[in-house]
Amino acid sequence: MSVLAASISVEAFEIVSHVLTLGYATMAAALLFFVLTKNSTHSRFQMSSVISVVVMVSAFLLLFAQKQSWTGAYAFSGSAYVLNEGADLFTNGYRYLNWLIDVPMLLIQILFVAGIAGAARSSYMKKFTISGALMILTGYVGQFYEPGRINENTTMWLVWGLISTAFFIHVLILIKAVINDGKSRMEGPAKGVFGAILPLFYISWWLYPIAYVAPILVQSGMAYETTIVAQQVIYTIADVCSKVIYGVMLTAVAIFLTQQDKEAAAA
Ligand code: RET
């Protein structure tokens, strides 16, 4: 099958540009939130805010690069956007390298709010880093062969995607244990919000493999541009949920726990 569509509609081009811009603007705004709320929590929780700051900077830069990659790949022809001759192709590769930083960070961040310390924390950190990084690296190899791209190879794309999924399942098992463990030590609103992170996590993290497989629709006849738009919209929703909403929920839990500490000390 042939390669990247040589031209895409004005709507498709603009939706992707807008969505990528929304993505990096959100990361910049949330960066301020995490900086400004860091000192509202007890020092034992503050590493969670620091990690959110690191994730925001990394995601902001990446989504900015992603947007440049998109606008650089096409030029307006008078009626549609056509591939810019001689320019780089649009690629999601930057995202994967950003996840290589963000995935271990996001997984480690929750340990500070869950109150997991000492040897248990080190052990989780090791497992999260290894499985998280292998999940992303194997997915990175797979995305080169995505259907619709110039070097598409469906078998390679699926095999690497499945290897990545095995590491993903390990991450899901670990995160469930961490959330249940942390929850068992909490009460009141802190417990409610902390518990709600598990469904948020399941939904937002599954969006990434769903976006990965979106281009399969090209083979069942869907226009390439539709799958690209769907993929970029899904990635952006997933990024906002897994980095920003997740970080805000962890901050809220840390603020509740800090208040409970103060109330207990005053009593
Ligand atoms: C890939 C490849 C296909 C199979 C699976 C994947 C999982 C990706 C995930 C990514 C999460 C990224 C996050 C980024 C935040 O910055 C690599 C798409 C299972 C779960 C949370």
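One numbering rule holds for all chains: residues counted from 1, following each sequence as written. Only residues with pLDDT of at least 70 get local features here, since the model is predicted, and only at 80 or more are side-chain atom pairs given and counted; chain-wide, interface and lining totals rely on the full set of residues. Excluding hydrogens and water, the side-chain figures rest on all heavy atoms present in the structure.

### Quick notes on the overall build of the protein chain
What counts, and what does not: Strands are runs of DSSP state E lasting at least two residues, helices are runs of H or I lasting at least four, and both sets are numbered from the N terminus onward. Put simply, the radius of gyration uses C-alpha atoms, and a globule should come to 2.2 Å times the residue count raised to 0.38. Under the scheme applied here, a residue whose accessible area is under 20% of the maximum for its type counts as buried, over 50% as exposed, and between as partly exposed, the area being computed with a 1.4 Å probe on protein chains only. Contacts are assigned to residue pairs with any non-hydrogen atoms lying within 4.5 Å of each other. In this description, accessible areas are obtained by the Shrake-Rupley approach with a 1.4 Å probe, and a residue is regarded as covered only by the protein chains that are shown. Only four residue types enter the tally: Lys and Arg on the positive side, Asp and Glu on the negative side, with His and both chain ends excluded. Taken as the charge location is NZ of Lys, CZ of Arg, CG of Asp or CD of Glu.
From N to C terminus, the protein chain includes eight helices and three strands. Helices (α) and strands (β) of the protein chain occur, in sequence order from the N terminus, as β-α-α-β-β-α-α-α-α-α-α. The C-alpha radius of gyration computed for the protein chain amounts to 20 Å, which stays within 12% of the reference 18 Å derived for 267 residues, consistent with globular compactness. On the principal axes, the C-alpha backbone points of the protein chain span a range of 70 × 35 × 25 Å. Counting the 267 residues in the protein chain, one finds 45% classified as buried. Across the protein chain, the fraction of contacts at a sequence separation of at least 24, relative to all contacts at a separation of at least 6, is 80%. Of the roughly 11900 Å² that the protein chain leaves accessible, carbon and sulfur atoms contribute 70%. Taken together, the 14 basic and 13 acidic charged side chains of the protein chain have centroids lying 16 Å from each other.

### Points about the site of the ligand
Worth spelling out the cut-off: Definition of nearness: a residue and a molecule or strand are near each other if at least one heavy atom of the residue lies within 4 Å of the molecule or strand. Counting of polar contacts relies on pairs of N or O atoms within 3.5 Å, with two restrictions inside protein: one atom must be capable of donating a hydrogen and the other of accepting it, and residues adjacent in sequence are counted only when both atoms are side-chain atoms. Gly is placed with the polar residues, together with every amino acid not listed as nonpolar (Ala, Val, Leu, Ile, Met, Phe, Trp, Tyr, Cys and Pro) or charged (Asp, Glu, Lys and Arg).
Lining the immediate surroundings of the ligand are 17 residues, of which Trp99, Asp102, Ser164, Trp205 and Lys243 lie closest. One of the side-chain nitrogen or oxygen atoms of lysine 243 is found 2.4 Å away from an oxygen atom of the ligand. Within the complex, the protein chains bury 99% of what would otherwise be the 540 Å² of accessible surface of the ligand. Of all the elements, helix α3 (residues 93–114) adds the most residues to the shell around the ligand, at five residues. Among the residues making up the shell around the ligand, the classes are represented as ten nonpolar, five polar and two charged.

### Focus: the sheet that holds strand β3 (residues 81–83)
We count it as follows: Any two strands with at least two DSSP bridges between them are considered paired.
One open sheet accounts for three strands, arranged β1-β3-β2; its pairing is antiparallel. The sheet is open, and its two borders are formed by β1 (7–8) and β2 (74–76), each paired with just one other strand. The pairing of β1 with β3 spans two bridges and is classified as antiparallel. Bridging from a neighbouring strand, serine 7 pairs with valine 82 of β3.

### Describing the pattern of salt bridges
Pairing between side chains of opposite charge can happen when the charged atoms of each approach one another. Keep this limit in mind: Salt bridges, as used here, are contacts in which a Lys or Arg side-chain nitrogen is within 4 Å of a carboxyl oxygen on Asp or Glu.
Across all of its chains, the model carries five salt bridges by this definition. With its nearest N and O atoms 3.3 Å apart, the salt bridge here joins arginine 95 to aspartate 239. Here the residue arginine 95 occupies a position in helix α3, and aspartate 239 occupies one in helix α8 (residues 224–266), the gap between them amounting to 144 residues. Exposure class is identical for arginine 95 and aspartate 239. Each is buried.

### Re helix α5 (residues 154–184)
Formally: Multiplying 1.5 Å by the residue count of a helix minus one yields the expected span of that helix.
When the terminal C-alpha atoms of α5 are compared, their 44 Å separation across 31 residues agrees well with the 45 Å that a helix rising 1.5 Å per residue should span. Taken together, the buried residues of α5 touch α3, α4 (118–143), α6 (188–213) and α7 (216–219).

### Concerning the nonpolar core
Rule in force here: We define the nonpolar core as a collection of buried residues of types Ala, Val, Leu, Ile, Met, Phe, Trp, Tyr and Cys that are connected through side-chain atoms lying within 4.5 Å of one another.
Grouped together as the largest cluster of nonpolar side chains are 71 residues, with contacts concentrated most on Trp70, Ile110, Phe194 and Trp205. Counting only elements with at least two residues in this core, the list comes to α1 (10–37), α2 (46–73), α3, α4, α5, α6 and α8. The biggest single contributor to this core is α8, with 14 residues. Beyond its immediate stretch of four places on either side in the chain, tryptophan 70 contacts Ile8, Ala12, Phe13, Val16, Ser17, Leu20, Phe90 and Ile228.

### Here we look at the packing of aromatic side chains
The geometry of two aromatic rings is summed up by the distance between their centres and the angle between their planes. The condition is simple: Centres within 6.5 Å make a pair out of two Phe, Tyr or Trp rings, where for Trp the six-membered ring is used; the pair is then stacked when the planes are under 30 degrees apart, edge-to-face when over 60, and tilted otherwise.
Taken as a whole and assessed by the stated rule, the structure comprises 21 aromatic pairs. Arranged with centres 6.2 Å apart and planes meeting at 40°, the rings of tyrosine 208 and tyrosine 235 form a pair that is tilted. Taken together, the residues tyrosine 208 in helix α6 and tyrosine 235 in helix α8 connect sequence positions 27 residues apart. Residue tyrosine 208 is classed as buried on the basis of its relative accessible area, which comes to 12%.

### Structural notes on α6
Three or four residues apart is the spacing at which side chains of an α-helix point the same way, because the helix has 3.6 residues per turn. Convention followed: Across the chain, bend at a residue is computed as the angle between axes fitted to the seven residues ending at that point and the seven starting from it.
For α6, with 26 residues, the first-to-last C-alpha span of 40 Å sits near the 38 Å given by 1.5 Å per residue. At leucine 200, α6 shows its largest kink, close to 25°. Within the sequence span of α6, burial applies to Ala190, Phe194, Gly195, Ile197, Leu198, Leu200, Phe201, Ser204, Trp205, Tyr208, Ala211 and Tyr212. Of the surrounding secondary structure, the elements contacted by the buried residues of α6 are α3, α4, α5 and α8.

### Quick notes on a nonpolar patch on the surface
Selection rule: Note on patches: the residues involved have over 30% relative accessible area and no salt bridge, like charges join within 9 Å, and the nonpolar side chains Val, Leu, Ile, Met, Phe, Trp and Tyr join within 5 Å.
On the surface, a cluster of nonpolar side chains totalling about 290 Å² of accessible area is made up of Met47, Val50, Val54 and Ile101. The greatest single-element share of the nonpolar patch, amounting to three residues, is contributed by α2. By secondary structure assignment, the location of valine 50 is in helix α2.

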